[in-house]
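Below are the chains, spelled out letter by letter.
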Amino acid sequence: MPTGTCPECDADVHVDLDTDKGETVSCEECSASLEVVGLDPVELDIVDEEDLDDDEEDEEM
Ligand SMILES: [Zn+2]
């Protein structure tokens, strides 16, 4: 099984053989979301998740 290196914590991240470029995997060590940007060798890039969910802490009141 191919492994990439987590850019966040330098841990080895296992990537399934059928994972395609552009898919997202999670680092088991720091639970960061990592996008597969290369397959030979496996390269991982941190996915910035801040845009997915707006912080709406103040909307409740
Ligand atoms: Zn990590």
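This text goes with the structure placed above it.
Here is what the cut-offs are and how they apply
Residues numbered from 1 in each chain as written. Predicted model: local features only at pLDDT ≥ 70, side-chain atom pairs only at ≥ 80, totals over all residues. Heavy atoms only, no water. Core = buried A, V, L, I, M, F, W, Y, C linked by side-chain atoms within 4.5 Å. Buried < 20%, exposed > 50% of the residue type's maximum accessible area, 1.4 Å probe, protein only. Helix = DSSP H or I, 4+ residues; strand = E, 2+ residues; numbered from the N terminus. Contact = heavy atoms within 4.5 Å. Pairing = 2+ DSSP bridges. Axes fitted to C-alpha atoms, helices over the stretch in contact; angles between N-to-C directions.

Enquirer: Report on the nonpolar core, specifying residues and quantitative values.
Expert: Residues C6, A11, V13, V15, V25, C27, A32, L34, V36, V42 and L44 constitute the largest nonpolar core, which totals eleven residues. Secondary structure elements with two or more residues in this core: β4 (33-39) and β5 (42-46). If sequence neighbours within four positions are ignored, C27 has contacts with C6, C9, A11, V13, A32 and L34.

Enquirer: Kindly report on the side chain of T19, identifying the contributing residues and their values.
Expert: Tracing the chain through its elements places T19 in the loop between β2 (12-14) and β3 (24-26). Filtering out sequence-adjacent residues up to four positions away, T19 remains in contact with V25, V36 and L39.

Enquirer: Can you break down unusual backbone geometry residue by residue, with the values?
Expert: The omega torsion across D40 and P41 is 5°, close enough to zero to call that bond cis. Among the secondary structure elements, P41 is positioned in the loop between β4 and β5. Its identity is not glycine, yet D10 carries a phi of approximately 65°, on the positive side. The phi dihedral of S31 falls on the positive side, at around 55°, and the residue is not glycine. Tracing the backbone through its elements, the reader meets S31 in the loop between β3 and β4. Looking at S31, the relative accessible area reads 56%, which means it is exposed.

Enquirer: Residue-level account of the sheet that holds β4, with values.
Expert: With respect to topology, three strands assemble into an open sheet ordered β3-β4-β5, the strand pairing being antiparallel. Two strands in the sheet have a free side with no partner beyond their single neighbour: β3 and β5. Strand-to-strand twist across the sheet, computed as the mean angle between neighbouring axes with direction ignored, equals 45°.

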